[in-house]
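Residue-level listing of the chains:
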Amino acid sequence: MSNTQSRAPRPVADERVALKARRVSFSWDRTPLHWIPDDPFTTHTINVLHLLLPAGERWFVHVYKQVLPYIRDDRLREDVIGFIGQEAMHSQAHDEVLPHLKEQGLDPTPYTAQVDWFFEKLLGDRTLPPGRAREWWLMERVALIAAIEHYTAFLGDWVLNADELDRKGADPTMLDLLRWHGAEEVEHRSVAFELFEHVDGGYRRRVRTWALAFSALMFLWQRGARFFMENDPTVLDGKASFKEFYRGGKRGVLPSTGAMVKSIPRYLSRSYHPSQEGSTAQAVAYLAGSPAATAAEARTPNGAV
Amino acid sequence: MPRLRTPRLRTVLLVTGSALLARRALRRRIQASPLWPMPALEEPVSGRPRARALRLLVTRHESVADGVVQLRLEGQDLPAWEPGAHLDLVLPSGLIRQYSLCGDPEDTSSYTVATRLIADGRGGSREVHEQLQEGSEIEVRGPRNRFPLAAGAPSYVFVAGGIGITPILPMLRALEARGADWRLLYAGRTRASMPFLEEAEKLGGERGRVSVVAEDEGGRPDLAGLLADSAPDTAVYCCGPEGLMEAVAAALPGHCELHLERFAPHTSADGNGPFEVELRRSGRTVPVPAGTSVLAAVRAEVPNVSYSCEQGFCGTCQQRVLEGEVDHRDELLTDSERDDSMLICVSRARGERLVLDL
């Protein structure tokens, strides 16, 4: 490759789609506790999403509302506004799974109350004087979101292609939730990074916040999986281990450890742009056939409620 | 040399030993409580969604009056509801429609709703009539109550127009069980088109508490006469066509309190009139012209006000309301959120002015 090319991150192709929130609705009363039959570990490892996302995506919305005044590009503003609505719906949809878990004897509150603390207090609006300090903390969080979105897009792309879950007989409603969400993550995967590049874009900040986001995700994820396995009333002496995660990746029911490791240098590369990951066409195709997304389409014809 | 080596070895042993001890202690600690040591939010936010979807089985689909079907939707351990509450039905096409619950609130295994077929409507009622056959499944959300029955009124007056009897029926049963003082005026086009007529008349008993006015027999209901001799602080409840509700509002004596339930607040073009919004923190007042949303008007003044779906479901544009009565048209906020906030993309003022904390 020629070295004269600009190294500034840029999209691989202009696949831009107008982002809009979809008014989805899922009912959980038919979904079994182990929605991947006879595989509590995989079920619960994926279930950790329901623990992290309600608070996490609410926090995204909270931060992005504050960053709107910093956007000087109308097209980006439009994307961010679409992004906010999609994230708000993701948060609501995952939140509705939690009472269902509780009804099945697996009360997630001890864990979610901590995740709430993590996003609302630790990463919330700190008592900072207006001006540079406050702006620094806002930019730090915008960069954190860009790093997290690298992983949500990674997971979205993974779940859209995880055919092994279908073969294992996973619950169709849960798969539709995960894939609707995953497809929207793929659809809007460039927004958080482009916003970060637009308002700050510092490489050192990108690396620093990636390290923070990555460690926090790993910490919270293994903790969530352990929490579920230990508190599942139907699993005796349940344990979550890295070995099992690794094996799940080999079998294709979880993201593979190798792919996860390989995605790290990609985000840290100076020429990274999220459009290099995943496929918008695949995401749009899934949304066109998703039961939840097509029903959402029917209930909002041309914006008339 | 040996004099140097001994303390070194001792140090290594000490460090290794304490590291092992620390690891064991940590493991035990985590085993005892796997969530140690992260703090928790005292009042958790997650896991308490505003509404949940349930999938229910249609076990009865029967005609209860001309053009009116009643559905019985069965499930298990259904959420409780109070008279006046409604349910969101997520129809097979994806459309969402609200219908008042008209069954027994004590019954936790089924919900009952009744709908009138509106030939030139938006398709929702046709779908209920034609597609929700016995044995089919339907997703519902709710129940929620926008039309609650006030507990302590000395007496109650109800005005129902046609299918508008549905939220009122459970109220009458509850009041009757309590032995409260109530009267009902039930109006409709013809007796055959009025659902639950028999039950309403039976509830009224011999004491003439229920008057039925069918347009083809008795003409227009005498609202002024009904309301004129009502006791002070009477609670008046009306559910029916827009015209009937306006007439009740016009005939209402000053000492009565009026509660209205609208069928479809979102469709009607009326009620989209102009008003003004004061943005208290910005110190500005913006006019909201007829047919324009509060969001559009506010955006002109506050360019970075947040919003997204513009259809009242994502919640991004929620703003605190300091003064003024809101005509809520969103499908998201809970009753308590509606007390002091609104979604400015769809909701409007009931009166001429709103004050937002913006």
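Parameters at a glance
- Residues numbered from 1 in each chain as written.
- Chains lettered and ligands numbered in written order.
- Predicted model: local features only at pLDDT ≥ 70, side-chain atom pairs only at ≥ 80, totals over all residues.
- Helix = DSSP H or I, 4+ residues; strand = E, 2+ residues; numbered from the N terminus.
- Buried ≥ 20, exposed ≤ 12 C-beta atoms within 10 Å, placed from the backbone.
- Contact = placed C-beta atoms within 7 Å.
- Expected span 1.5 Å × (residues − 1).
- Domains from an automatic or database assignment.
- Nonpolar A, V, L, I, M, F, W, Y, C, P; charged D, E, K, R; others polar.
- Axes fitted to C-alpha atoms, helices over the stretch in contact; angles between N-to-C directions.
- Left-handed = near helix turned anticlockwise from the far one by under 90°.
- Pairing = 2+ DSSP bridges.
- Core = buried A, V, L, I, M, F, W, Y, C linked by C-beta atoms within 7 Å.

## Some details on the overall build of chain B
For step 1, the next point in the chain: Summing up its helical and strand segments, chain B has nine helices and 18 strands in all.
For step 2, the next point in the chain: Overall, chain B is about 120 × 55 × 45 Å in size when its C-alpha atoms are taken along their principal axes.
For step 3, the next point in the chain: Out of the 358 residues belonging to chain B, those deemed buried represent 36%.
For step 4, the next point in the chain: Sequence separation of 24 or more characterises 62% of the internal contacts of chain B that already satisfy a separation of 6 or more.

## Quick word on helix α7 (residues 172-187) of chain A
For step 1, the next point in the chain: Here α7 of chain A contains 16 residues, and its C-alpha end-to-end distance of 22 Å stays within 8% of the 22 Å for a straight helix at 1.5 Å per residue.
For step 2, the next point in the chain: Most of α7 of chain A is tucked away: 13 of the 16 residues are buried.

## Details of the domain arrangement of chain B
For step 1, the next point in the chain: Splitting chain B by domain gives domain 1 (53-144), domain 2 (156-261) and domain 3 (275-356).
For step 2, the next point in the chain: The C-alpha centroid of domain 3 of chain B is placed 33 Å from the C-alpha centroid of domain 2 of chain B.

## A word on the interface of chain A and chain B
For step 1, the next point in the chain: Contact with chain A, which involves 48 residues of that partner, is made by 36 residues of chain B.
For step 2, the next point in the chain: Where the side of chain A that touches chain B is concerned, the elements lending two or more residues are α1 (40-67), α2 (74-95), α3 (97-103), α4 (109-122), α9 (203-231) and α13 (291-299) of chain A.
For step 3, the next point in the chain: The leading source of residues in the side of chain A that touches chain B is α4 of chain A, at 11 residues.
For step 4, the next point in the chain: Considered class by class, the residues forming the side of chain A that touches chain B number 24 nonpolar, 11 polar and 13 charged.

## Topic: the environment of H61 of chain B
All names here are of chain B.
For step 1, the next point in the chain: In this structure, H61 sits in strand β1 (residues 53-65).
For step 2, the next point in the chain: For the pair H61 and D229, spaced 168 residues apart in the sequence, the C-alpha separation amounts to 41 Å.
For step 3, the next point in the chain: Dropping the residues within four chain positions of it, H61 is found in contact with V69, L71, L132, Q133 and E134.

## Some thoughts on the packing of α7 of chain A against helix α12 (residues 280-289) of chain A
If you want to describe how two helices pack, look at the angle between their axes and the distance between the axes.
Residue and element names in this part refer to chain A.
For step 1, the next point in the chain: Running from amino to carboxyl end, α7 crosses α12 at an angle of 145°, the nearest separation of the two axes being 8 Å. Both α7 and α12 take part in a crossing whose hand is left-handed. Taking contact as the criterion, the partners of R179, W180, A183, V186 and E187 in α7 are, on α12, T280, A283, V284, Y286 and L287.
For step 2, the next point in the chain: Residue composition of the contact of α7 with α12, by class: seven nonpolar, one polar and two charged.

## Concerning the sheet that holds strand β10 (residues 235-239) of chain B
Residue and element names in this part refer to chain B.
For step 1, the next point in the chain: On the basis of which strands lie adjacent, the open sheet formed by five strands has the order β9-β8-β7-β10-β11 and parallel pairing. The sheet is open, and its two edges are formed by β9 (210-214) and β11 (257-261), each paired on a single side. Strand-to-strand twist of the sheet, defined as the mean angle between neighbouring strand axes without regard to direction, takes the value 15°.
For step 2, the next point in the chain: The pairing of strand β8 (residues 182-188) with β9 spans five bridges and is parallel. Bridged to G188 within β9 is A214.
For step 3, the next point in the chain: The strands touched by helix α4 (residues 197-204) within the sheet are β8 and β9, with β9 carrying the most contacts at an inclination of about 150°.
For step 4, the next point in the chain: Contacting β7 (156-161), β8, β10 and β11, helix α7 (residues 242-251) crosses the sheet at an angle of about 160° to β10.

## Some points on the nonpolar core
For step 1, the next point in the chain: In terms of nonpolar packing, the biggest core is built from 159 residues, with F158, I168 and Y237 of chain B touching the most fellow members.
For step 2, the next point in the chain: It is α1 of chain A that contributes the most residues to this core, 13 residues altogether.
For step 3, the next point in the chain: Those residues in contact with Y237 of chain B that lie beyond four places of it in its chain are Y156, F158, I168, M171 and H259 of chain B.

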